[in-house]
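Architecture at a glance
Letter by letter, the chains look like this.
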Amino acid sequence: MTEINNETRKTVQDLRSVYVPTPSYRKLEADFHKLLEQRRADMADGIVNKAEGIVLVGQSGSGKTTAIRELIRKNKSLLQTDSTQDICEFFSLQVPSPATMKFVGAATLRALGYPYSGDKQGPAIWDQVKVQLKLRQTCFLHLDEAQDLARYQTDKERQSVVNTLKSVMENSLWPTGLILSGMPDLKKIVNQDPQLARRLYPVEIGRLHAVRDVEPVLDIVQKYVARAKVKAQSCVRKESFAKRLMHAADYEFGLMTEITVQALSKALFNEGFEAELQLRHFADVFFDRSAAIDALNPFVAEDFTRIDPRQIFEFDGEDA
Ligand SMILES: Nc1ncnc2c1ncn2[C@@H]1O[C@H](COP(=O)(O)OP(=O)(O)O)[C@@H](O)[C@H]1O
Ligand SMILES: [Mg+2]
């Protein structure tokens, strides 16, 4: 391995920081702007009693968490997002497990920076949450992994979670718009209650299509190659390569970009700027991630479509 110099490191960091805009991201941002404008207008008129929100669904690795992070990063000038300040208009947290009303309420209070003593019951905790949301002037509350709100719950518990979420969006004290992101099961929770469904704009990060997305995927890989300022072998411009990459990523957009960045990082770390991106780099990355033998490596195996890339994958400790 050649010495890893600063320039290589910086390039890899830069590749990791790239956000590739997608149609679902554009819808997310457009919906968010609509909600924000409505909110500002209502506040100017002094009529704030109902808020609306967004529900963002996609499989694990599709890019939900990253999309919300990008949304906040890009819209910093439009809203106050610094949680160390008194006013913080956007808070984000991950739904805890088990997702009972009490646990979710306590986690929300902690995210809001409020010292939570632990002796209160669910409804009292949520009253406290609403007081804090008003004090902090929070317009949006983001709950990530929100599909867990329905997991291991009795029907009664599930209904009380849904009612609580609604009461956060509909209350005369200070309504806060919810941004729920999670796996496709989240749709069921939202659809279980028509009133809740009506208040949420739906955004879905769909899976890649093995035929339709060949060109876009090749294009994205080439853009990453150009940004890394390295060369690429002709095999990574081929349709068959795009199909292997999509399959290796289980047709999830985020995993596709993640594998591409890792393959380029491997090329850069091993060979520096003289590197030429090759199929082998992708195959090695898949091996690193899965320890799969060649026969189970979508970049190597002849009949790669029969491989289940999820079975051997592990993504950031998330359930895959
Ligand atoms: N639009 C994008 N552009 C570049 N990389 C992305 C994009 N969306 C997701 N990723 C990458 O994909 C991976 C998975 O994304 P993540 O947001 O964690 O997915 P999810 O929350 O849906 O499980 C991360 O490494 C992330 O950096
Ligand atoms: Mg996530």
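All values reported here derive from a predicted model rather than from experimental measurement.

Rules used throughout
- Residues numbered from 1 in each chain as written.
- Chains lettered and ligands numbered in written order.
- Predicted model: local features only at pLDDT ≥ 70, side-chain atom pairs only at ≥ 80, totals over all residues.
- Heavy atoms only, no water.
- Helix = DSSP H or I, 4+ residues; strand = E, 2+ residues; numbered from the N terminus.
- Buried < 20%, exposed > 50% of the residue type's maximum accessible area, 1.4 Å probe, protein only.
- Contact = heavy atoms within 4.5 Å.
- Core = buried A, V, L, I, M, F, W, Y, C linked by side-chain atoms within 4.5 Å.
- Expected span 1.5 Å × (residues − 1).
- Polar contact = N/O pair within 3.5 Å; in protein donor to acceptor, adjacent residues only side chain to side chain.
- Domains from an automatic or database assignment.
- Buried area = accessible area lost by both parts, 1.4 Å probe.
- Salt bridge = Lys/Arg side-chain N within 4 Å of Asp/Glu carboxyl O.

**Notes on the overall build of the chain**
In terms of helices and strands, the chain carries 13 helices and 7 strands. Its C-alpha atoms give the chain principal-axis dimensions of about 60 × 40 × 35 Å. Counting the 320 residues in the chain, one finds 51% classified as buried. A separation of at least 24 residues holds for 70% of the contacts in the chain among residues at least 6 apart in sequence.

**Some thoughts on the nonpolar core**
Ranked by size, the top nonpolar core spans 39 residues in total, and within it L245, L277, F282 and F299 carry the most contacts. Contributions of two or more residues to this core are made by α1 (6-17), α9 (214-228), α10 (239-248), α11 (253-271) and α12 (279-290). Not counting the four nearest positions on each side in its chain, L245 is found in contact with V217, V221, M256, I259, T260, F282 and F299. Listed in part, the 36 residues of the second largest apolar core include V104, L149, V161 and L180.

**Comments concerning the side chain of E70**
Following the sequence through the fold, E70 ends up in helix α3 (residues 64-74). Residue E70 is classed as buried on the basis of its relative accessible area of 10%.

**Some remarks on α1**
Between its first and last C-alpha, α1 extends 16 Å over 12 residues, near the 16 Å set by a 1.5 Å rise per residue. Against α9 and α11 lie the buried residues of α1. Residue N5 occupies the N-cap position of α1, its side-chain oxygen lying 3.1 Å from the main-chain nitrogen of E7.

**A look at the domain arrangement of the chain**
In terms of domain boundaries, the chain breaks down into domain 1 (7-19 + 208-312) and domain 2 (23-204). Taking only C-alpha atoms, the centre of domain 1 and the centre of domain 2 are 35 Å apart. With 6 residues of domain 1 in contact, the opposing surface of domain 2 contributes 8 residues. Contact between domain 1 and domain 2 buries roughly 550 Å² in total, counting both sides, with carbon and sulfur atoms accounting for 54%. The three residues of domain 1 that bury the most area against domain 2 are Y19, E252 and R310, which together make up 81% of that side's buried surface. Counting across the domain 1 and domain 2 interface gives 0 salt bridges. At the boundary of domain 1 with domain 2, the tally comes to 4 residue pairs in polar contact (both at pLDDT 80 or more). In terms of residue count, α11 provides more of the side of domain 1 that touches domain 2 than any other element does, 3 residues in total.

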